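Observations on the three-dimensional arrangement
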Amino acid sequence: MLKELKPAFVLLVLMTLITGVLYPALVTGLAKVLFPSQANGSLIVQDGKAVGSALIGQPFSDPKHFWARASGTSPYPDNASASSGTNQGPTNPALAEAVAGRVKALREADPGNTAPVPVDLVTASGSGLDPHISPAAAEYQVARVAKARGLDAARVRALVAESTEGRQLGFLGEPRVNVLKLNLALDAPEKK
Amino acid sequence: MTSNLVLQCGFYLAVLIALAKPLGAYMARVYSNEPALLNTLGAPVERLMYRISGIDEKHEMRWTQYALAALAFNLLGFLAVYALQRLQGSLPFNPQALPAIPADSAFNTAVSFATNTNWQGYGGETTMSYLAQMLALTVQNFVSAATGMAVLIALIRGFARKSADTIGNFWVDMTRSTLYVLLPLSVILALALVSQGVVQTFSAYQTVPLVESVEYDNPKLDAAGQPVKDAKGNPVTEKATQKEQVIAVGPAASQIAIKQLGTNGGGFFNVNSAHPFENPTPLANFLEMLSILVISGALCYTFGKMVGDTRQGWAILAAMTIVLVAMLAVAVAAEQSGNPLLTKLGVDQVATAAQSGGNMEGKETRFGIANSALWATATTAASNGSVNAMHDSFTPLGGLVPMLMMQLGEVIYGGVGSGLYGMVVFALIAVFVAGLMIGRTPEYLGKKIESFEIKMASVAILMPPLVVLIGTAVAVLVEPGKAGVANPGAHGFSEILYAFSSAGNNNGSAFAGLSANTPFYNTALGFAMLFARYWLLVPVLAIAGSLAAKKTVPAGAGTLPTHGPLFIVLLISTVMLVGALTFVPALALGPVIEHLQMLAAR
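Residues numbered from 1 in each chain as written. Chains lettered and ligands numbered in written order. Predicted model: local features only at pLDDT ≥ 70, side-chain atom pairs only at ≥ 80, totals over all residues. Heavy atoms only, no water.

So, the nonpolar core
Within soluble globular proteins, side chains that are nonpolar generally end up buried alongside one another. Among the nonpolar cores identified, the biggest contains 202 residues, and I295, I412 and Y444 of chain B are the most heavily contacted of them. Considering each element in turn, this core owes the most residues, 18 residues, to helix 6 (residues 130-160) of chain B. Setting aside anything within four residues of it in sequence, one finds I412 of chain B in contact with M320, V323, L324, A381, A382, M405 and V575 of chain B. The next biggest cluster of nonpolar side chains, apart from the first, holds 35 residues, and it includes L121, V160 and L186 of chain A together with I369 of chain B. (Core = buried A, V, L, I, M, F, W, Y, C linked by side-chain atoms within 4.5 Å. Buried < 20%, exposed > 50% of the residue type's maximum accessible area, 1.4 Å probe, protein only. Helix = DSSP H or I, 4+ residues; strand = E, 2+ residues; numbered from the N terminus. Contact = heavy atoms within 4.5 Å.)

What to know about the pattern of salt bridges
All names here are of chain B. Counted by the stated rule, this structure contains 22 salt bridges over all chains. The partner of E479 in a salt bridge is K482, and the shortest N-O contact between them spans 3.8 Å. One end of the pair is E479 and the other is K482, both in helix 16 (residues 479-483) and three residues apart, which spans about a single turn. For K482, a relative accessible area of 40% corresponds to the partly exposed category. (Salt bridge = Lys/Arg side-chain N within 4 Å of Asp/Glu carboxyl O.)

Some thoughts on the side chain of E594 of chain B
Structurally, E594 of chain B can be placed in helix 19 (residues 565-601). Although E594 of chain B lies buried, it forms no salt bridge, and the closest oppositely charged side chain, K363 of chain B, sits 12 Å away as judged by the N-O distance. For E594 of chain B, the side chain forms a polar contact with the side chain of T91 of chain A, separated by 2.7 Å. (Lys, Arg positive; Asp, Glu negative; His and termini not counted. Polar contact = N/O pair within 3.5 Å; in protein donor to acceptor, adjacent residues only side chain to side chain.)

Quick word on the interface of chain B and chain A
Each side of the interface is counted separately: chain B has 121 residues, and chain A has 103 residues. Area buried by chain B at its contact with chain A is led by E212, E361 and T365 of chain B, which between them contribute 8% of it. Counting across the interface, chain B meets chain A through one salt bridge. Note that R366 of chain B is salt-bridged to D130 of chain A, the shortest N-O span being 3.9 Å. (Buried area = accessible area lost by both parts, 1.4 Å probe.)

Details of helix 6 (residues 153-162) of chain A
Residues and elements named next belong to chain A. Turning to helix 6, its buried residues number three or more, namely V156, L159 and V160. All buried residues of helix 6 fall inside an arc of 105° around its axis, so they share one side. Exposed positions of helix 6 whose direction lies more than 90 degrees from the buried face are A161 and E162. (Arc of directions from axis to C-beta.)

Some thoughts on the packing of helix 15 (residues 451-477) of chain B against helix 19 of chain B
Residue and element names in this part refer to chain B. Axis separation between helix 15 and helix 19 bottoms out at 11 Å; the angle between their running directions is 5°. As the angle between them shows, helix 15 and helix 19 are arranged roughly parallel. Contacts from I461, P465, V468 and L469 in helix 15 reach V578, T582, F583 and A586 in helix 19. Classifying every residue of the contact of helix 15 with helix 19 gives seven nonpolar, one polar and no charged. (Axes fitted to C-alpha atoms, helices over the stretch in contact; angles between N-to-C directions. Parallel < 35°, antiparallel > 145°, perpendicular 65-115°, else oblique. Nonpolar A, V, L, I, M, F, W, Y, C, P; charged D, E, K, R; others polar.)

What about helix 3 (residues 93-109) of chain A?
Side chains that are three or four residues apart share a direction in an α-helix, a result of its 3.6 residues per turn. If you check helix 3 of chain A, its first and last C-alpha atoms are 25 Å apart, about what 17 residues at 1.5 Å a residue would give, namely 24 Å. Taken together, the buried positions of helix 3 of chain A are L95, V99, V103 and L106 of chain A. Looking straight down helix 3 of chain A, one finds that the buried residues subtend no more than 65° of arc, so they occupy a single side. Facing away from the buried side of helix 3 of chain A by over 90 degrees, the exposed positions are P93, E97, K104 and E108 of chain A. Residues of helix 3 of chain A that are buried sit in contact with strand 3 (117-118), helix 4 (119-122) and helix 5 (135-149) of chain A together with helix 11 (340-343) and strand 3 (347-348) of chain B. Measuring from the backbone nitrogen of A94 of chain A back to the side-chain oxygen at the start of helix 3 of chain A gives 3.0 Å, which picks out N92 of chain A as the cap. (Expected span 1.5 Å × (residues − 1).)

So, in structure tokens, the structure goes:
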């Protein structure tokens, strides 16, 4: 084994140079030139200031905003420097309790609405940072947001449609609504 | 099940199988030292590397020297990863000023990455500096995968050579795997991922304002950074308001590309490929999922090509794919049917055009059920272990699938190299069993399979279950083992069984509720990973050496053809029987009980 240690050591150093230094540096350099916005976190810039990332969810609880997926990060939700799911198992009583609490909060914010709640709206995402909800979860909230803002439901629906992405290439993944983009669009006219 | 779900799964399998031949043929050329575009271009670099390292590329190794070279290289890799973690606090490229990693966690992670397991007891963005991510982890992602591929190629030479003493040169096989297979594919994949939104930067974490500030209960810490507890032992909290979001970034794309291609699975961020910066779109998800299995699938073709009969490779690939599809069907059906306990709370889990429905706890909206279940099946079929959804929150049967996939020994596609060498070991057992039934000396690919090969194969097949079952048994008996459990009841047992199944088969995925970053789990799982990797790798090389020394016997009337449906069925049966007989009792105590409890509570 001693005889093998010298080539092992030198080759490890060379491999470290190639795969641990040159390779990430090459990818970083090319990414900077080809895809600068994505490489830096797909930040949404308004009036020269970053107001969030198009890929990172934020927590919402105001009836005037669309609400997002629940988040399992600690110590506060959507903590983007410590991603985490809840890791609650399907039969864990804490899961049922948390879901029941979220259903209750949604119903209290929108007393007339007795429809079943779309599952993604009352469960926690895998990352704790999911930027999206399903179109069904957005539709569930349209009437509440429209009422809270004194807007026409059709106007709110139009904004939802603008923030909706279909399946990629027509069949990959699931249709989804970007909650941060949607809420920023809702807030934008108020400033004017 | 919706038609789109079937379409997505079908498209994935079609692309996977379609790439097996072109990629497999290319790899066969690389390992046979025949000119292919990249090895012609790279030859000067390769030769320079050998000259600096004092390696004679023409030198042929006996199996013992090959094994010692692999072990020496892995040992130094382990030490490098350990040292870089312990010293990261005083090294550059650490913009978040993350401190040195404790000894037990550093040991666990170093073993984990050197053995191609990539189990992660730590959370990436809160633990590892950019330097440690690149110099320690990314490097091992390449070379631990290349080690697996090299050992497979040595085993293939054992079948292909006649009356030979040697099985190739470890340094050359490892270097070529890295330079001509893993590295070029990684550069392409990394850039494709950045185009979709995966971050790649050396900047510090970004800070943005929150649209709505959040009030929360912040756990109070004492001077030593430990949570303060009240008289009843509950943590003391104070009200706090969060007005901004600190967004972790880093050189992620370069690491994610090789983590997928090298069946490593160690995420840049804590939640792995569920993180929107690690896996931002359905297309990124498709490419990452494809990368999990594509090399392992193509190596089957390489195998057939190099032993001189491509039908042999296709037969093994067919056996792997049949098991994969069957397991996938179970996982998809279980996750799509949702959690009956939530339905009675007024939750709508039905799949429609406007939502994927199903069990969405721990899953991302953009992936839905189809891509989460497909990923879970693929990542545990291979010894990849990356996740795009939290397996701990899967339905009991949906969680049983990834657990059983690992317990089968990571031979359904499996890790790059290691999956196929594991499957060939099962093939030896299969022809041995068939030989016993008809009373003839078994043969495989023209080589007589005799007692030495079967002894080595038995060691390789029995070691992982031994590690998994003994490890689980110890952990559920001792206090530090039970203390890590997050979910009550049968699910808590599943968390421990999953952890040892993962470490004991070099997978690396987790039921992540288990608090495994403790001295007990870091040590126990660390040793499980070491046993699982090297008690397979060394016996496989011994088989390679023994086979290479044998003459080839021509196929006779009593030879079992190993390229037809009969052999495929025999091979699948052998894998399933060994796995089922070993693990059914343990699975019954975990996911099966939980499934029945869930139905009863409905």
